[in-house]
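These are the residues of each chain, in order.
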Amino acid sequence: MIFNPLEYPICLEFPLWLEETAWAEHIPFAMFLAAALHPRVLVELGAYRGVSYCAFCQAVKSLPTETKCYAIDTWQGDAHAGLLEEGVLMKLQAHHDPLYGGFSRLVQSTFDEALNHFAENSIDLLHIDGFHTYEAVKHDFQTWLPKMSERGIVLFHDTNVRERDFGVWKFWTELKEKYPHFEFLHGHGLGVLAVGAEIPNELKFLYEADEAETKLIRSFFYQLGSRINAVQKLHDQQNQIKSLQTYERVVQNSRMLRIYLILKEEGFGSLVKEGANKFGENK
Ligand SMILES: C[S@@+](CC[C@H](N)C(=O)[O-])C[C@H]1O[C@@H](n2cnc3c(N)ncnc32)[C@H](O)[C@@H]1O
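The rules we used
- Residues numbered from 1 in each chain as written.
- Predicted model: local features only at pLDDT ≥ 70, side-chain atom pairs only at ≥ 80, totals over all residues.
- Heavy atoms only, no water.
- Helix = DSSP H or I, 4+ residues; strand = E, 2+ residues; numbered from the N terminus.
- Rg over C-alpha atoms; globule rule 2.2 N^0.38 Å.
- Buried < 20%, exposed > 50% of the residue type's maximum accessible area, 1.4 Å probe, protein only.
- Contact = heavy atoms within 4.5 Å.
- Phe/Tyr/Trp six-rings, centres within 6.5 Å; stacked < 30°, edge-to-face > 60°.
- Domains from an automatic or database assignment.
- Axes fitted to C-alpha atoms, helices over the stretch in contact; angles between N-to-C directions.
- Parallel < 35°, antiparallel > 145°, perpendicular 65-115°, else oblique.
- Left-handed = near helix turned anticlockwise from the far one by under 90°.
- Nonpolar A, V, L, I, M, F, W, Y, C, P; charged D, E, K, R; others polar.

Draft legend 1. Examining the overall build of the chain more closely. When helices and strands are tallied, the chain shows 9 helices and 9 strands. Its C-alpha atoms give the chain a radius of gyration of 24 Å, clearly above 19 Å, the size a compact globule of 283 residues would have. In terms of overall dimensions, the chain has a C-alpha envelope of 85 × 40 × 40 Å along the principal axes. The buried share of the chain, taken over its 283 residues, is 46%. Long-range contacts, defined as pairs at least 24 residues apart, comprise 77% of the intrachain contacts of the chain with a sequence gap of at least 6.

Written as structure tokens, this is what we have:
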């Protein structure tokens, strides 16, 4: 196995953009992959709040070579990821455009509508992370495959989810029969498929790894990813605490208002005001 992580210090970097996502644990591998592959064109199908995509962009920005990046999403959400609230794309643009606008575009469209805007054999790295039923992921792979270059790599998220109607695992089982592959089991599973005639030299260690090496590679990226996951969980908890505190304040205020209105109707206005002030002081 020839893989020296010290040649790819980018995979030790902390992401500049961390929002709600199921992808946080794969960020170190995403950054390694972009740095190792030097893709000429990178496309992500399913950006959601932009965590995986901005990790790719962060790594691409540090490369000496030119890479064009595209994130495609309706930014409406779906039945698996949940519906996205208004303003998510704008918030993402505010982070993304100043940092990455020079080489990257956020494309608001369906995957199918975007297809015609990409030439055959042009994409070096494709990340498929849209709707996760067997039929949807198969459709996304089959429609985008002609766009992949000779050294094309396709990433599949959620290869290790065995619940609801997620079917990436099943499609991944079929793909493994046909293409060189590597799979991470943590973070809901990430499949790394080499679909071109040529496997990039920098990634050969993944496809040639024996059982012991596979275990080591998985463990290495799991360890790096889990520290990012821990920080993300902390952010989530801090946000939850903030919204609970807001809720508590609203409840307190509405209780005070109710008491005031009832007593005001009964003609004790001035008394009530005084009482309310006292109540506020003693709180
Ligand atoms: C699982 S989320 C992507 C997660 C993201 N990669 C991350 O880092 O958190 C799936 C996204 O795919 C989008 N999506 C699903 N099917 C789509 C389609 N056919 N066309 C465009 N967007 C789609 C949804 O709007 C949703 O934002």
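Still more to cover.
Draft legend 2. Inspection of the packing of aromatic side chains at higher detail. In the structure shown here, the tally under the stated rule is 24 aromatic pairs. Both rings, one in Phe182 and one in Phe184, keep their centres 5.0 Å apart while their planes meet at 65°; by these two values the pair is edge-to-face. Each member of the pair Phe182 and Phe184 is classed as buried. Seen from their ring centres, Phe184 and Phe221 are 5.7 Å apart, and the 80° between their planes marks the pair as edge-to-face. Placement of the pair is Phe184 in strand 8 (residues 181-184) and Phe221 in helix 8 (residues 211-265), with a sequence separation of 37 residues. Of the two residues, Phe184 and Phe221, neither departs from the other in class, the shared state being buried.

Draft legend 3. The domain arrangement of the chain, seen in detail. Parsing the chain into structural domains produces domain 1 (5-226) and domain 2 (234-282). Here domain 1 and domain 2 have C-alpha centroids that lie 48 Å from each other.

Draft legend 4. Here's a closer look at the packing of helix 1 (residues 27-37) against helix 2 (residues 51-61). Orientation of helix 1 relative to helix 2, taken along the N-to-C sense of each, is 40°, at an axis distance of 8 Å. Compared by their axis directions, helix 1 and helix 2 come out oblique. At the point where helix 1 passes helix 2, the crossing takes the right-handed sense. In this structure, helix 1 uses Ile27, Ala30, Met31 and Ala34 to contact helix 2, whose residues at the interface are Val51, Ala55, Phe56, Gln58, Ala59 and Val60. Of the residues contributing to the contact of helix 1 with helix 2, the split by class is 9 nonpolar, 1 polar and no charged.

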